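Chains, contacts and geometry: an overview
One-letter residues, chain by chain:
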Amino acid sequence: MTMPNIGLHHLCALEINAEELVRIAGRNGFVTVSTFTQGLTGGQSQFPLIDQSNKKSFTAALSHSGVSLLNIECFMLTPHTQVKDYAPALTLGAELNAVGATVLIYDTDSQRVVDNLAQLCSLGQELGLKINVELMALTPAFNTLDQMLALLNRVAADNLGLGLDILHLVRTGTQPQQLGKIPREKIHYVQVCDSKRLAVTSDYAREAGSHRLAPGDGNIEINRYLSVLPAGVAMELEVPQPASTPAADRIAYLAKKALHIGA
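Let me sum up the structure you'll find in this document. (Residues numbered from 1 in each chain as written. Predicted model: local features only at pLDDT ≥ 70, side-chain atom pairs only at ≥ 80, totals over all residues. Heavy atoms only, no water.)

**Thoughts on the overall build of the protein chain**
We apply this condition: Where helices and strands are cited, they refer to DSSP runs of H or I of at least four residues and of E of at least two residues respectively, numbered from the N terminus. Computation of the radius of gyration draws on C-alpha atoms alone. For the globule rule, the value is 2.2 Å times the number of residues to the power 0.38. Burial classes: relative accessible area under 20% of the type maximum marks a residue as buried, over 50% as exposed, and values in between as partly exposed (1.4 Å probe, protein chains only). We call two residues in contact when some of their heavy atoms are within 4.5 Å. We get accessible surface area from the Shrake-Rupley algorithm with a probe of 1.4 Å; when it comes to residues, only the shown protein chains can shield them. In summary, the charge assignment counts Lys and Arg as positive and Asp and Glu as negative, without counting His or the chain termini. Positions of charges follow a simple convention, taking NZ of Lys, CZ of Arg, CG of Asp or CD of Glu.
Secondary structure summary: the protein chain contains nine helices and eight strands in total. For a compact globule of 263 residues, the expected C-alpha radius of gyration is about 18 Å, and the protein chain comes in at 17 Å, within 12% of that figure. Seen along its three principal axes, the alpha-carbon backbone of the protein chain occupies a region of about 45 × 45 × 30 Å. Residues counted as buried form 54% of the 263 residues belonging to the protein chain. The contacts of the protein chain with a sequence gap of at least 6 include a subset with a gap of at least 24, amounting to 80%. Split by element, the accessible area of the protein chain, about 11300 Å² in all, is 50% carbon and sulfur. Side-chain charges in the protein chain split into 20 positive and 24 negative, and the spacing between the mean points of these groups amounts to 4 Å.

In structure tokens:
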């Protein structure tokens, strides 16, 4: 069985730095990684960041492992966001040849969201970056597929699209057949994991952040979602779990489970 073209998100192993993530990902057949260039607030972060201090070593790890950078995070839109503050982290991502930057919306003022997202898209366009917004039931607004599609239409930026996470799709009640209403060019990537629960709920922050299951270890009909997506859409595993076993062992297990995706 052949490993599909699939990437690995840093959330799968936050206890290791980005360089080690790349090395382990490459050894296990992953073709991309997604990681962090932007802290959550004030430059601080609970995530291992890439910055100017480790840019050179991260670039070397990518080159040596034959892995490329898919997305950079974490770009939050809140009532207090100043988009210009994100310019250094976005610029760094572009210098690392990232494909896109992922945005999470925690603001209920729709006009402010539209304005800030438009600014992000303009900056991304200058840097050659796609801008991805993730649909999540965890956010206070823009938490249904129809709301997200309306937002994309209002901003109307060529480089703006959706990041689809199968856990979030389940929790928002989005069915596989509903994905057909998304213009194909607006599906920027899909993130894969599993869960025992199929509930539609906004009460799943702990699960989403640290207690997901590997594909095939739960009850989500993953291939039903993947079968309606455009051929060749970027795909990665996002399976945060407690660090009860070494990161290398967890990632090797994820690679083994990835063999069955799409089968």
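**Comments concerning the sheet that holds strand 1 (residues 7-9)**
As a general point, the strands of a sheet are linked pairwise by backbone hydrogen bonds and lie either parallel or antiparallel. Rules: A pair of strands is considered paired only if DSSP assigns at least 2 bridges between the two. Helix axes use the C-alpha atoms of the stretch in contact, all axes being lines fitted to C-alpha atoms, and the angles between their N-to-C directions lie in the range 0 to 180 degrees.
Around the barrel, which closes on itself, the eight strands sit in the order 1-2-3-4-5-6-7-8 with parallel pairing between neighbours. Recorded for the sheet is a direction-independent mean angle of 30° between the axes of neighbouring strands. Strands in contact with helix 3 (residues 87-95) are strand 3 (68-77) and strand 4 (100-105); relative to strand 3, the strand with the most contacts, it is inclined by about 170°.

**Some remarks on the side chain of R171**
Put simply, the rule is: Polar contact is the term for a pair of N or O atoms within 3.5 Å; when the atoms are in protein, one must be able to donate a hydrogen and the other to accept it, and sequence-neighboring residues count only if both atoms are side-chain atoms.
Among the secondary structure elements, R171 is positioned in helix 6 (residues 166-171). Within the structure, R171 has its side chain in polar contact with the side chain of E207 (distance 3.0 Å). Look past the residues within four positions of R171 in its chain and what remains in contact with it is A137, S195, R197, L198, A199, V200, T201, Y204 and E207.

**Focus: the pattern of salt bridges**
Note the threshold: Each salt bridge in this description consists of a side-chain nitrogen of Lys or Arg and a carboxyl oxygen of Asp or Glu lying within 4 Å of one another.
Scanning the model with the defined rule gives 13 salt bridges in all. For the salt bridge of E95 with K55, the shortest nitrogen-to-oxygen distance reads 2.8 Å. Residue E95 is found in helix 3, and its partner K55 is found in helix 2 (residues 55-65); the two are separated by 40 residues along the sequence. Overall, K55 belongs to the partly exposed group, its relative accessible area being 22%. Between R171 and E207 there is a salt bridge, with its nearest N and O atoms 3.0 Å apart.

**Brief notes about the side chain of D165**
Its location among the elements puts D165 in strand 6 (residues 160-165). Since its relative accessible area comes to 0%, D165 is described here as buried. Residues contacting D165, with those up to four places away along its chain left out, are E134, Q191, C193, R212 and E238.

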